[in-house]
Amino acid sequence: MNKIIAYTDGSAVVRGASKGHGGFGTYFPDLNGSKAAFSLGFKDTKTGRMEISALYYAITALENDFKGDLIVYSDSEYVVKSFTEKRLLKWIKNGWKNTSGEVKNQDLWKAIIKELRNRKDMKLEMRHIRSHQVEKEKDKDKKKQLMLDPNIIGNMMADRLADYKRHKILLTSDKLK
């Protein structure tokens, strides 16, 4: 059985309820025999949208007839728990309502659901990874040890891809086409 690993991250510089510049990054250490990365930057967005967008691009990078497991590492508890705690299924059952009211980013969640349904032989497995572990570590020896973990490296790659400043052009709309 095929097993593909992806690392996803999203970021945005947002103050309060307003939107700001942001981006997402999706990194595959091995997609069909080579490394692959997807990244876009946006003028007006929020971190949650970018985290979800990164997952969307991880799913759509695989052909509809892909048979196997897609294991996605994300530092977004919101995105991971939407699957591991079956929040997404609850939102659908409750008419896209949660304890705070309307579920945000419904367009992205619905697009993800559609893409998952198009890949009937693919199993999505979401795993949480702590963000910025190397940057936060003060001890040099522990830092070196962290740098040996391929999952930490993958998360760092996705984080760097998500930085909107790396894009020469920032798109005006974060809506899927």
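Just so we're clear, the structure is a prediction, and the values are computed from it rather than from any experiment.

(A) Representation of the nonpolar core within the structure. Core analysis: the largest hydrophobic core is formed by 29 residues, its most contacted members being Leu 55, Leu 70, Trp 109 and Leu 124. Those elements giving two or more residues to this core turn out to be β1 (2–12), β2 (20–31), α1 (47–60), β4 (68–74), α2 (77–84), α3 (87–93), α4 (106–118) and β7 (122–128). Here Trp 109 is in contact with Ile 52, Tyr 78, Val 79, Ser 82, Phe 83, Leu 88, Trp 91, Trp 96, Val 103 and Lys 104, once residues within four sequence places are set aside. Core analysis: the second largest hydrophobic core is formed by nine residues, Tyr 7, Tyr 27, Ile 71 and Tyr 73 among them.

(B) Broad picture of the packing of α1 against α2. Put simply, α1 and α2 touch, their axes get as near as 9 Å, and they point 55° apart. If you check the angle between α1 and α2, you find them oblique. Of α2, the residues touching α1 (which contributes Glu 51, Ile 52 and Leu 55) are Tyr 78, Val 79 and Phe 83.

(C) Geometry of the sheet that holds β4. Pairing is mixed across the open sheet formed by five strands, whose spatial order is β3-β2-β1-β4-β7. On the outer flanks of this sheet lie β3 (34–45) and β7, each paired with one strand and no other. Here the average twist between neighbouring strands, direction ignored, is 20°. As defined by bridge partners, β4 adjoins β7 across seven bridges and the pair is classed as parallel.

(D) Region of the structure containing the side chain of Asn 105. Looking at the secondary structure, you find Asn 105 in the loop between β6 (101–102) and α4. If we skip the residues at most four places from it in the chain, Asn 105 touches Gly 48, Arg 49, Ile 52 and Tyr 78.

(E) Looking closely at the packing of aromatic side chains. Going through the model one piece at a time under the given rule, you end up with nine aromatic pairs. Feature note: the residues Tyr 78, Phe 83, Trp 91 and Trp 109 constitute an aromatic cluster, connected by ring pairs.

(F) Main features of α1. In a regular helix each residue adds 1.5 Å, so 14 residues correspond to 20 Å; α1 covers 20 Å between its end C-alpha atoms and thus fits that length. In terms of residue burial, α1 counts as a mostly covered element, since ten of its 14 residues are buried. Among the residues making up α1, those that are buried are Arg 49, Met 50, Glu 51, Ile 52, Ser 53, Ala 54, Leu 55, Tyr 56, Ala 58 and Ile 59.

So, how was this worked out
In this numbering scheme, every chain counts its residues from 1 along its sequence in written order. Where totals are concerned, whole chains, interfaces and linings use all residues; where local detail is concerned, this predicted model gives features only for residues with pLDDT of at least 70, and gives and counts side-chain atom pairs only at 80 or more. By convention in this description, side-chain values take in all heavy atoms of the structure and omit both hydrogens and water. In these notes, a set of buried Ala, Val, Leu, Ile, Met, Phe, Trp, Tyr and Cys residues joined through side-chain atoms within 4.5 Å is what counts as a nonpolar core. Think of it in three bands: residues with accessible area under 20% of the maximum for their type are buried, residues over 50% are exposed, and the middle band is partly exposed, with areas taken using a 1.4 Å probe on protein chains only. Each helix is a run of DSSP H or I of at least 4 residues and each strand a run of E of at least 2, with the numbering of both proceeding from the N terminus. Working rule for contacts: check all heavy atoms of both residues, and any pair within 4.5 Å makes them a contact. As a rule, the C-alpha atoms of each element are fitted with a line to give its axis, helices using only the stretch in contact, and angles between N-to-C directions run from 0 to 180 degrees. Each angle gets one of four labels, with under 35 degrees taken as roughly parallel, over 145 as roughly antiparallel, 65 to 115 as roughly perpendicular, and the rest as oblique. Strand pairing is assigned whenever DSSP detects at least two bridges linking the two strands. Aromatic rings from Phe, Tyr and Trp, taking only the six-membered ring of Trp, are treated as a pair when their centres fall within 6.5 Å; an angle between ring planes under 30 degrees marks them as stacked, one over 60 as edge-to-face, and anything in between as tilted. An expected span of 1.5 Å times one less than the residue number is assigned to each helix.

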